[in-house]
Amino acid sequence: MDELTAPALATRLHTRVIGRHLEVYDEIDSTNSRALLLARQGAPDGLVVLADVQTAGRGRLGRRWQASPGSSLLMSLLLRPPLEPQQAMRATMLCALGALEGIRRIAGLEARVKWPNDILLGEGKVGGVLTEVGLRGRRLDYLIVGMGLNVNLEVASLTDLLAPAASLKSGAGRSIARLALCAAILEAIDARYTRLGEGWSPHEEWRSYLDTLGRQVAVGTPEEVIEGVAEDVDADGALLVRQEDGTLCTVLAGDVTLRGHRVET
Ligand code: BTN
């Protein structure tokens with residue numbers, strides 16, 4: 001049995017900041033909601049909340065996040081990095097990189113990123129990141145970075161799918177130990193987190209894993225759908241889309257549909 005408990009994880013973790021404070025639940029409404037509450041009560045940088053089951057797991061753009069018991073890694077990190085609010089995406093990039101490294105180490109799989117926050121295995125979504133920002137006046141107070149990964153999930157059990165889904169088990173052809181995966185991800189995040197506070201940006205490394213660049217895309221934003229070639233990402237993580245009339249559009253947040261194959265740029 002895949003034992004994902006606070007004592008088991010604490011024994012395994014060799015980190016400086018991330019996961020030094022841990023809460024692990026069999027069931028909770030949402031690990032992001034719990035971490036938000038703790039952040040408002042002054043909980044420390046690096047706190048991690050994990051759950052086996054969420055009754056109200058939240059995805060991006062008001063969607064819900066589904067995961068059956070024992071199938072997934074569902075966790076939220078409370079971070080208090082010395083960043084400006086517009087640099088918050090750096091923390092999301094860093095956690096996505098941590099997920100890719102953990103997946104590589106433990107499952108032996110090369111996952112990639114679909115802008116802005118999806119973790120892909122081939123063309124299937126294997127995970128997602130939801131970052132929520134807490135401000136104090138105009139300063140960044142805290143970030144909650146929530147991550148959901150389909151580890152041993154039977155993809156066929158998911159309903160209401162908007163895009164193809166994948167799981168690490170389906171990719172690797174074997175079950176993946178969630179405890180080892182969780183420790184590897186948190187260690188990979190921790191190793192980069194100190195550097196973030198020193199002014200380093202994960203942008204270049206994150207950019208190198210973006211599956212979206214060079215492809216024809218349709219980006220749904222609350223206002224409109226922007227179509228064109230995803231040319232690049234800027235330092236704050238915004239997507240630069242070259243539209244058919246030649247204009248370059250900066251998209252801060254949205255939902256990408258990849259249209260067809262890579263376009264050479
Ligand atoms: C997405 O829409 O792709 C992001 C999904 C993020 C889901 C995770 S699961 C753990 C954490 N708690 C939540 O309620 N949501 C995030």
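These remarks concern the structure in this document. All values reported here derive from a predicted model rather than from experimental measurement.

## Let's talk about the site of the ligand
(1) Moving on: The environment of the ligand is formed by 20 residues, the closest being Ser30, Gln54, Arg58, Arg60 and Lys125.
(2) Moving on: Between an oxygen atom of the ligand and a side-chain N or O atom of serine 30, the distance comes to 2.7 Å.
(3) Moving on: Separating a nitrogen atom of the ligand from a backbone N or O atom of arginine 58 is a distance of 2.7 Å.
(4) Moving on: Across the complex, the protein chains shield 98% of the 410 Å² of accessible surface that the ligand would expose by itself.
(5) Moving on: Secondary-structure elements contributing two or more residues to the shell around the ligand are α2 (31-40), β3 (72-79), β6 (124-136) and β7 (139-150).
(6) Moving on: Examining the composition of the shell around the ligand, we find that four residues originate from one element, β6, more than from any other.
(7) Moving on: Per-class residue counts for the shell around the ligand are six nonpolar, ten polar and four charged.

## Considering the pairing of strand β11 (residues 248-251)
(1) Moving on: Of the two faces of β11, only the one carrying Cys249 and Val251 is buried; Leu248 and Thr250 on the other face are not.
(2) Moving on: Pairing between strand β10 (residues 239-242) and β11: four bridges, direction antiparallel. Paired with valine 241 across the strands is cysteine 249, a residue of β11.
(3) Moving on: If you look at the hairpin formed by β10 and β11, you'll find five residues sitting between the two strands, and glycine 246 has a positive phi there, around 95°.

## Considering the environment of serine 175
(1) Moving on: When you line up the elements, serine 175 lands in the loop between α4 (168-172) and α5 (178-197).
(2) Moving on: For the pair serine 175 and glycine 59, spaced 116 residues apart in sequence, the C-alpha to C-alpha distance is 25 Å.
(3) Moving on: Apart from residues lying up to four places away in sequence, serine 175 is in contact with Asn152 and Lys169.

## Topic: the pattern of salt bridges
(1) Moving on: Counted by the stated rule, this structure contains 16 salt bridges.
(2) Moving on: A salt bridge links arginine 242 to glutamate 231; its shortest N-O distance comes to 3.0 Å. Placement of the pair is arginine 242 in strand β10 and glutamate 231 in strand β9 (residues 225-233), with a sequence separation of eleven residues.
(3) Moving on: Put simply, Arg112, Glu123, Asp211 and Arg215 are held in one network by salt bridges that share partners.

Conventions we followed
Residues numbered from 1 in each chain as written. Predicted model: local features only at pLDDT ≥ 70, side-chain atom pairs only at ≥ 80, totals over all residues. Heavy atoms only, no water. Near = heavy atom within 4 Å. Polar contact = N/O pair within 3.5 Å; in protein donor to acceptor, adjacent residues only side chain to side chain. Areas by Shrake-Rupley, 256 points an atom, 1.4 Å probe, with all protein chains shown as cover. Helix = DSSP H or I, 4+ residues; strand = E, 2+ residues; numbered from the N terminus. Nonpolar A, V, L, I, M, F, W, Y, C, P; charged D, E, K, R; others polar. Buried < 20%, exposed > 50% of the residue type's maximum accessible area, 1.4 Å probe, protein only. Pairing = 2+ DSSP bridges. Contact = heavy atoms within 4.5 Å. Salt bridge = Lys/Arg side-chain N within 4 Å of Asp/Glu carboxyl O.

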